[in-house]
Structures are given as structure tokens and as C-alpha cells.
Amino acid sequence: MSRYQQLQQKLLGLACILAPLLLVIGAATFVLGIGVTSYGVASWLEGIFLAFGFLLFVPVYLGLAGILGERAPRFGLLCAVLCVGIGFGVVPANDRIMQAALDGAGYDIPIFSLLHAGMVPIVHYMVLGLLSSILLGIGFLRYGGISRWGAILLILAPIVFVMGQGGDE
């Protein structure tokens, strides 16, 4: 393994810690009322933490798909294709930041009510990105590669995330 690959693995390990931590910190900023926007359903600071967290989940899920792909190549490849969708979580995260910008500019418009047909494929791919975590967990339970607890947590993570966001937009 080259020095670059060693450093890349260390960064990937750091991303495995930082990605979920950023989502938790983002949720905490909203619960604590820090940077809450005019409609009270989001926080611009939460949006910043979510955006970086979702971006970090892309290499994490790709790395996990690579591990699964060593044992189940087609299933691992399917998970790799789907998991990139988690990066589209930046879109609703950005909406939180944009709501604060609208508030600051004096516009009384709830940004989550503004929908466009172009958002549909992005939202669907983002949901597939969340689904990929469940598929990774199922794959690891079936084929091995990580601990059973890790696989179970991969299955539970998107479910708990969606439940936590359910009171939001």
C-alpha cells in the first residue's frame, strides 16, 4: 500500500467519525434554537452542518460498498451506484441556509413550500442514497465484512434520521 493510500484510508476513517457527528451537531443546533429561521422549522447553522455531513457520507458509503463488493461484487456495485445519492442531501440542507437569506432580505416565503419539477429526480436519488445504507447493512449481515452491530446500525441510521427530520419540513 502506497503512502497516498495509507493517508487516504486515515482520511476515510476520519470521515466515518465526522459525517454522523456533523449530522448530530446540526440536529443539536436546531433543538437548541441556534440560527432558527422565521418559520421555526429549520436552522441555517443546521443546514451548514448537514451539508458537510452528507458530503462526507459519499466516500464513507463508497468505501463500505467497496468492502461489501469484495464478497458480493454485484450487490456492492449496486450499493455504490445508489450511495452517491446521499450527496444530494446538500439540497435540503441548502434550503435551510436559503431560508435565512430570504428572511434577511425581507421576503416572507417559506422555502420548503417552493417546489419545482426539476427537484423530483434529485429527491428520488437522495432517497435511494438513504436506502443504500439499509442495503449495505443487509449485505453485511448476509455476506459479512463488518461487525453485526455495524451492519445493524447501518440499517437503523436512515430510519432514525428520517424519523428525526419528520417534524421538520
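Further up the page is the structure itself.
Residues numbered from 1 in each chain as written. Predicted model: local features only at pLDDT ≥ 70, side-chain atom pairs only at ≥ 80, totals over all residues. Heavy atoms only, no water.

(A) Broad picture of the packing of aromatic side chains. Inspection of every chain in the model, using the stated rule, returns three aromatic pairs. The interplanar angle of 45° and the centroid separation of 5.3 Å between the aromatic rings of Phe57 and Tyr61 together place this pair among those described as tilted. Taken together, the residues span about one helical turn, with Phe57 and Tyr61 both in helix H2 (residues 44-71) at a distance of four residues. As far as burial versus exposure is concerned, Phe57 and Tyr61 are alike and both buried. (Phe/Tyr/Trp six-rings, centres within 6.5 Å; stacked < 30°, edge-to-face > 60°. Helix = DSSP H or I, 4+ residues; strand = E, 2+ residues; numbered from the N terminus. Buried < 20%, exposed > 50% of the residue type's maximum accessible area, 1.4 Å probe, protein only.)

(B) Representation of the nonpolar core in the model. Of all hydrophobic cores here, the largest spans 25 residues; its most connected members are Phe57, Tyr61, Leu64, Ile86, Leu136 and Phe140. For this core, the secondary-structure elements that each account for two or more residues are helix H1 (3-31), H2, helix H3 (73-83), helix H5 (119-143) and helix H6 (148-165). The greatest single-element share of this core, amounting to 10 residues, is contributed by H2. Contacts of Ile86, omitting those with residues within four sequence positions, involve Phe54, Phe57, Val58, Tyr61, Gly129 and Leu130. (Core = buried A, V, L, I, M, F, W, Y, C linked by side-chain atoms within 4.5 Å. Contact = heavy atoms within 4.5 Å.)

(C) Representation of the packing of H5 against H6. At a closest axis distance of 8 Å, the pairing of H5 and H6 adopts a crossing angle of 160°. On the basis of their axis angle, the class for H5 and H6 is roughly antiparallel. In the crossing of H5 with H6, the sense of the turn from one axis to the other is left-handed. Contacts between H5 and H6 involve Leu130, Ser133, Ile134, Leu136, Gly137, Ile138, Phe140 and Leu141 from the former and Arg148, Ala151, Ile152, Leu154, Ile155, Ala157, Pro158, Ile159, Phe161 and Val162 from the latter. (Axes fitted to C-alpha atoms, helices over the stretch in contact; angles between N-to-C directions. Parallel < 35°, antiparallel > 145°, perpendicular 65-115°, else oblique. Left-handed = near helix turned anticlockwise from the far one by under 90°.)

(D) Inspection of the environment of Thr29 at higher detail. Position of Thr29 relative to the elements: it lies in helix H1. With relative accessibility at 6%, the residue Thr29 sits in the buried group. When the C-alpha positions of Thr29 and Val84 are compared, they lie 26 Å apart, and in sequence the two are 55 residues distant. Filtering out sequence-adjacent residues up to four positions away, Thr29 remains in contact with Ile34, Ser43, Leu45, Glu46 and Phe49. Looking at Thr29, its side chain comes within polar contact range of the main-chain oxygen of Gly26, at 2.6 Å. (Polar contact = N/O pair within 3.5 Å; in protein donor to acceptor, adjacent residues only side chain to side chain.)

(E) Local environment of the environment of Trp44. Locating Trp44 in the fold gives a position in helix H2. Overall, Trp44 belongs to the partly exposed group, its relative accessible area being 38%. Separated by 118 residues in sequence, Trp44 and Val162 place their C-alpha atoms 19 Å apart. Those residues within four positions of Trp44 in sequence are excluded, and the remaining contacts are Gly35, Thr37, Arg96, Ile97 and Ala100.

(F) Examining H6 more closely. For H6, with 18 residues, the first-to-last C-alpha span of 26 Å sits near the 26 Å given by 1.5 Å per residue. At Leu156, H6 shows its strongest bend, of approximately 30°, with the proline Pro158 following within four residues. Listing the buried residues of H6 in full gives Ala151, Leu154, Ile155, Pro158 and Gln165. Where H6 is buried, its residues contact H2, helix H4 (90-104) and H5. (Expected span 1.5 Å × (residues − 1). Bend = angle between axes of the 7 residues up to and from the residue.)

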